[in-house]
Amino acid sequence: MSEQIFRDGEADLGYRARWWLSRGAIYAVLLLWALICLFPIYWTATTSFKMAPDVMQGNMIPFVDYTPKWLGWRSLGLSPDTIGNESTVRAEFLKRFTNSAITALASSSLAVILGSLAAYGLSRFSYRFGPMKNSDISFFFLSQLILPPVVLALPFLVLYKELALLDTRIGLILLYTLTVLPIVIWIMRDQFASIPTELEEAALVDGLGIWGAFLTIILPIALPGMVAAFILSLVLTWNEYFFAALLTSTNSVTLPVMVASQTGSQGISWWSMAALSFAAILPLIVVGVLLERYIIKGMAAGAVK
Amino acid sequence: MTTEGDLLHVVTANDLSPTRRAAGRALIWGSFGLLGVVAALQILNATGALDLGFRSWRPTLYGYAFWGTCLCIGQVMLKGEQGKRLVFVLPAALFTVAMVVFPLIFGLTIAFTDWNLASISGRKFNGWDNVRQMWTDPFYWNALLNMAWYVAAILVEYAIAFGLALVLHAEIRARKFFRVAFLLPLMLSPVAVSWMIGKSMLEVRFGPLARLARWLGWDNPSFFGSPEIARFMIMAMDAWTFIPFMMIMLLAGLQAIPRELTEAARVDGAGPWKTFWEVTFPLMLPVSVTAILIRIIFKLKLADIIINVTAGGPGGATDSVTSFIFREYRDRSNVGYGTLLAMVYLVLIVIFMTVLMKVAERWMRPRT
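What you see is a predicted model, and the numbers here were worked out from it, not measured in a lab. (Residues numbered from 1 in each chain as written. Chains lettered and ligands numbered in written order. Predicted model: local features only at pLDDT ≥ 70, side-chain atom pairs only at ≥ 80, totals over all residues.)

(A) Quick look at the overall build of chain B. The secondary structure content of chain B amounts to 14 helices and 2 strands. For chain B, the C-alpha radius of gyration of 28 Å lies well beyond 21 Å, the compact-globule estimate for 368 residues. Principal-axis analysis of the C-alpha atoms gives chain B an extent of 75 × 65 × 35 Å. Burial analysis of chain B (368 residues in total) assigns 36% to the buried set. (Helix = DSSP H or I, 4+ residues; strand = E, 2+ residues; numbered from the N terminus. Rg over C-alpha atoms; globule rule 2.2 N^0.38 Å. Buried ≥ 20, exposed ≤ 12 C-beta atoms within 10 Å, placed from the backbone.)

(B) Region of the structure containing the overall build of chain A. Counting secondary structure elements, chain A contains 13 helices and 0 strands. Starting at the N terminus, the α and β elements of chain A follow one another as α-α-α-α-α-α-α-α-α-α-α-α-α. For chain A, the C-alpha radius of gyration of 26 Å lies well beyond 19 Å, the compact-globule estimate for 305 residues. When burial is assessed residue by residue, chain A has 47% of its 305 residues classed as buried. Intrachain contacts of chain A at a sequence separation of at least 6 include 72% that bridge at least 24 residues. (Contact = placed C-beta atoms within 7 Å.)

(C) The arrangement of the interface of chain A and chain B in detail. Taken residue by residue, the interface counts 86 residues in chain A and 84 residues in chain B. Tallying contributions element by element places helix α1 (residues 10-47) of chain A first for the side of chain A that touches chain B, with 12 residues. Across the side of chain A that touches chain B, the residue classes break down as 64 nonpolar, 15 polar and 7 charged. (Nonpolar A, V, L, I, M, F, W, Y, C, P; charged D, E, K, R; others polar.)

(D) Quick look at the domain arrangement of chain B. Residue and element names in this part refer to chain B. With domains assigned, chain B is organised as domain 1 (18-111) and domain 2 (136-364). Domain 1 puts 4 residues into the contact, and the matching count from domain 2 is 5 residues. In terms of residue class, the side of domain 1 that touches domain 2 is made up of 3 nonpolar, 1 polar and no charged. (Domains from an automatic or database assignment.)

(E) Inspection of the packing of helix α6 (residues 149-163) of chain A against helix α3 (residues 81-111) of chain B at higher detail. Interhelical geometry of α6 of chain A versus α3 of chain B gives an angle of 85 degrees and a closest axis separation of 9 Å. Of the possible angle classes, the one that applies to α6 of chain A and α3 of chain B is roughly perpendicular. The segment α6 of chain A lies against α3 of chain B, with Val-151, Leu-152, Leu-154, Pro-155, Phe-156, Val-158 and Leu-159 of chain A engaging Pro-103, Phe-106, Gly-107 and Ile-110 of chain B. (Axes fitted to C-alpha atoms, helices over the stretch in contact; angles between N-to-C directions. Parallel < 35°, antiparallel > 145°, perpendicular 65-115°, else oblique.)

(F) Structural detail: unusual backbone geometry. Positioned with a positive phi, Ala-164 of chain A is a non-glycine residue whose angle comes to about 55 degrees. Its location among the elements puts Ala-164 of chain A in the loop between α6 and α7 (169-193). Unlike most non-glycine residues, Ala-174 of chain B shows phi in positive territory, near 55 degrees. Mapped onto the elements of the fold, Ala-174 of chain B is located in the loop between α5 (138-169) and α6 (175-187). Of the residues examined, Ala-174 of chain B has 11 C-beta atoms within 10 Å and is grouped as exposed.

(G) Molecular detail of the packing of helix α11 (residues 272-299) of chain B against helix α14 (residues 335-364) of chain B. Residue and element names in this part refer to chain B. Remark: α11 packs on α14, axes separated minimally by 11 Å, with the N-to-C direction vectors making an angle of 175 degrees. Our classification of the angle between α11 and α14 gives roughly antiparallel. Of the residues in α14, those in contact with Leu-285, Pro-286, Val-289 and Leu-293 of α11 are Leu-356, Met-357, Ala-360 and Met-364. Of the residues assigned to the contact of α11 with α14, the class counts are 8 nonpolar, no polar and no charged.

(H) Representation of the nonpolar core in the model. The biggest cluster of nonpolar side chains holds 177 residues, and the ones touching the most others in it are Ala-118 and Val-184 of chain A together with Met-247 and Leu-250 of chain B. For this core, the element with the most residues is α7 of chain A, which contributes 15 residues. (Core = buried A, V, L, I, M, F, W, Y, C linked by C-beta atoms within 7 Å.)

(I) Inspection of the confidence of the model for chain B at higher detail. Residues and elements named next belong to chain B. For chain B, the mean per-residue pLDDT works out to 84, and 94% of the residues sit at or above 70. No element of chain B has a lower mean pLDDT than strand β2 (residues 123-125), at 73, and none a higher one than α5, at 91. For this predicted complex, the interface confidence reaches an ipTM of 0.86, while the overall pTM sits at 0.87. (pLDDT = per-residue confidence, 0-100.)

(J) Representation of helix α13 (residues 321-332) of chain B in the model. With 12 residues, α13 of chain B should reach 16 Å at 1.5 Å per residue; the first-to-last C-alpha distance of 16 Å fits that figure. Taken together, the buried positions of α13 of chain B are occupied by Val-321, Thr-322, Ser-323, Phe-324, Ile-325, Phe-326, Glu-328 and Tyr-329 of chain B. Packed against the buried residues of α13 of chain B are α6 of chain A together with α5, α12 (304-309) and α14 of chain B. Downstream of α13 of chain B by one or two residues, Ser-333 of chain B has phi in the positive range, about 50 degrees. (Expected span 1.5 Å × (residues − 1).)

(K) Molecular detail of the environment of Gln-191 of chain A. All names here are of chain A. Mapping Gln-191 onto the fold places it in helix α7. Classification of Gln-191 as buried rests on a count of 24 C-beta atoms within 10 Å. Distance from Gln-191 to Pro-224, taken between C-alpha atoms, is 9.1 Å for residues 33 residues apart in sequence. Not counting the four nearest positions on each side in its chain, Gln-191 is found in contact with Ala-222, Gly-225 and Ala-301.

(L) How the structure looks around the environment of Ile-187 of chain A. Examined against the element boundaries, Ile-187 of chain A turns out to sit in helix α7. Residue Ile-187 of chain A is classed as buried on the basis of its C-beta count, with 27 C-beta atoms lying within 10 Å.

(M) Here's a closer look at the environment of Gly-298 of chain A. Residues and elements named next belong to chain A. Relative to the helices and strands, Gly-298 resides in helix α13 (residues 292-301). Between the C-alpha atoms of Gly-298 and Ala-228, which are 70 residues apart in sequence, the distance is 4.8 Å. Not counting chain neighbours up to four residues away, the residues in contact with Gly-298 comprise Ile-187, Ala-228, Ala-229, Ile-231 and Leu-232.

Next comes the structure, spelled out in structure tokens:
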């Protein structure tokens, strides 16, 4: 091909037009999908500041279409003028919020601890439990992922009743740990497999035991993976509804159950429902925006071998 | 990942003294004996043979936890270095066995009983009655059929997720913003989503989507009136929350493809369309299969949105198996029948997933 000097031939212009067209199409798709993703969140956030006429007229943009009011947040006891006062609704909300936070944090931590240990063991040593070898043990752990919650729900209902664990946070924590354990093991096995064994060998030569090598050498290296697994577990356990709806009634009701119980009643006003929903999703939106890197890392862990 | 044989070799002088081994053995069996004694006492208490004043079965639970701890310590005392390795896996294994295997066995014994928590008569063994009832229960079969529809919808989700991953993989500005924005739906709890979208945005009079539908010329938008549209709406809401999940996995796969391959294809004269189908798509096959399989697993648990938006209506058209059993328990407290339905569902899932995994494995082998 001869050296080209002018880039305004017929073919070049056509190429450039096509390039702009594809750019335009890509950004159109991106913006459209971003709108689809963000609009419900925007809608919920703005609705919580609306009053009845605003909802009925379909006003969308605050300060332009309507003046925001603290109505929704006042009904939760979280608006500026009620935040100082006693509020039973707020107390209720905060109680649910702490329940959710404690169960999610505790079960994720427990799952990460148990899961990391198991994943490390499975990635380094060969075991034999009766006829089960390493791959079978791994499969045993991972197969728990397939188990649908309904299968466990009713037996657990009866068992927890007998164990006096119904409507307690401990009961929920144990169950949630079980549901996220396979995911943690999956992510962590991948993490540990990517760490070369020479590191431990060097540590062992230097006189550390297996556990010493694991705790002081390997754990710090695998920490980003553990954070990813932890965040992913946190998201799943914070949002969990099915078990919480069946196994809790008064004391340890979590936030999703509270939101769901409010949606059921038709009389409830839009703005307070919006405020409640938004308060329920806000922590995870913050987590998602700040720790997006780790979430993506966790989810991508199993995808690419 | 299926490495058999130790990756890490440790040579230790495994000269454990007989007293240490004996102590280890004593610890394990002693605590096991304690667990047995506690359990036996509790059974006697429950059957009324002895009145020991136990109000719950918790002592047995504590016994199990104590035995588990002693087992771990005992392994180290008994086997030395080998025991220390066992302790890595043992806690998770004991936990899973206690939380899954035991309840499953217990569930099997419930599944063949007529047990309504609301009735006073308590639990009665009724053989195959539940199975017969299931066989003639149109709503259960309907729910299973719906699950087939919901699972089929994953193909559309996959296509959208793939498209979005490709777009995100292209050279664009503000990539981080778009990635975070696309990821956010996954963070939201299905319950909140069912209010935000299902109950408010799809509200017939004031919801913005209803307004949009009217503006587009649909006079009387009703999103949950007819079975088909209601089912589609549930699919759409579930897709909305889970498309980011597939998208991220596919994006990770795309980023792992070396750039030289697509560049080589371009040099050889392939257009973008051809490059995608001949190079990118085949290379993405393993990741795609993994993403779809995991997505199917999550889809089979679908319930929260259905419970909160339509409660299975209209006429069971949107019911998933999970939401159906949930209502079976909530409305009728029918533990025995509900458990049987769940067990049958589990068996179906295990068969379905095994077949699917085998097929996927066979299908992928010649290409990789």
